[in-house]
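# Residue-level structure breakdown
So you can see what is in the structure, the chains are spelled out below.
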Amino acid sequence: MSCFDPSSTPPAGSKPVLLVAAVALVDADGRVLLAQRPPGKALAGLWEFPGGKVHADETPEAALVRELREELGIDTAASCLAPFTFASHGYESFHLLMPLYVCRVWEGDVAPLEGQTLAWVYPNRMGDYPMPPADVPLVAMLRDLL
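Residues numbered from 1 in each chain as written. Predicted model: local features only at pLDDT ≥ 70, side-chain atom pairs only at ≥ 80, totals over all residues. Heavy atoms only, no water.

Secondary structure assignment for the chain yields two helices and seven strands. The order of α-helices and β-strands along the chain, N terminus first, is β-β-β-β-α-β-β-β-α. In terms of overall size, the chain behaves like a compact globule, its C-alpha atoms giving a radius of gyration of 16 Å where 146 residues would be expected to give roughly 15 Å. Counting only C-alpha atoms and orienting by the principal axes, one finds that the chain spans roughly 50 × 35 × 35 Å. Across the 146 residues in the chain, those meeting the buried criterion constitute 38%. For the chain, long-range pairs separated by at least 24 residues make up 66% of all intrachain contacts whose partners lie at least 6 apart in sequence. In the form shown here, the chain has an accessible surface area of approximately 8,300 Å², with 57% of it arising from carbon and sulfur atoms. (Helix = DSSP H or I, 4+ residues; strand = E, 2+ residues; numbered from the N terminus. Rg over C-alpha atoms; globule rule 2.2 N^0.38 Å. Buried < 20%, exposed > 50% of the residue type's maximum accessible area, 1.4 Å probe, protein only. Contact = heavy atoms within 4.5 Å. Areas by Shrake-Rupley, 256 points an atom, 1.4 Å probe, with all protein chains shown as cover.)

This is the structure in C-alpha cells:
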C-alpha cells in the first residue's frame, strides 16, 4: 500500500490553518507548567501548554516571548526556546499547526495574569490532566525527553 493517495488531497477552500506556538516550561525539578483554559473559551477546562496565536508579522519564537510576558509575567529570549516537536490536528472549523518548544530559562516568577489556573506537573503525571486533542500526543514525547 502506498502513502500517496491523490484522492485524499483536501479540496481547495478547506479549513484554514491556524498557527499557534506552545512551550513546555520546565522548572529545576523537571516539572512542566500546564495552564487550564478558562470558562468562556473554546475547550474550557482543558489543560494546555502556555502559548498562543502567531500574528502575521511574528515568528513562533517572538509570539512565545510575547505570550509568556502577557500571560505569565515572565521574560525569556528566543534563544532560550528549543524547538522540540509539533502537533498538526484538524478541528471542526480549522486545522491547527502547533510547534512546541522547550524552555528551561526565564526571568521572573510565573503568575496567572489572565486568571487561568496553573499547575507544575511531573511528566509522568501529565496524563492525569485532560488536554485538547492536539496536545495529547505531545505528552508522550515530553515524557520521553524528560
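Additional details are given in the paragraphs that follow.
We now examine the side chain of aspartate 27. Summarising the element assignment, aspartate 27 is placed in the loop between strand S1 (17-25) and strand S2 (32-36). Judged by relative accessible area, aspartate 27 falls into the buried class, the value being 13%. Within polar-contact distance, the side chain of aspartate 27 engages the backbone nitrogen of aspartate 29 at 3.0 Å. Not counting chain neighbours up to four residues away, the residues in contact with aspartate 27 comprise Trp106 and Trp120. (Polar contact = N/O pair within 3.5 Å; in protein donor to acceptor, adjacent residues only side chain to side chain.)

All chains considered together, the criterion is met by eight salt bridges. A salt bridge links arginine 31 to aspartate 29; its shortest N-O distance comes to 4.0 Å. A residue is classified by how much of its surface remains accessible, and arginine 31, at 24% relative accessible area, is partly exposed. Salt bridges here are not isolated pairs; linked through shared partners, they connect Glu58, Arg66, Glu67 and Glu70. (Salt bridge = Lys/Arg side-chain N within 4 Å of Asp/Glu carboxyl O.)

A word on the UniProt feature "domain: Nudix hydrolase" (unreviewed entry) in the chain. The UniProt record marks residues 15-144 with the feature "domain: Nudix hydrolase" (unreviewed entry), using the residue numbering of this structure. As a span, residues 15-144 carries 17% helix and 32% strand, and end to end its C-alpha atoms are 32 Å apart. (UniProt positions renumbered as here; feature names shortened; annotations may be inferred.)

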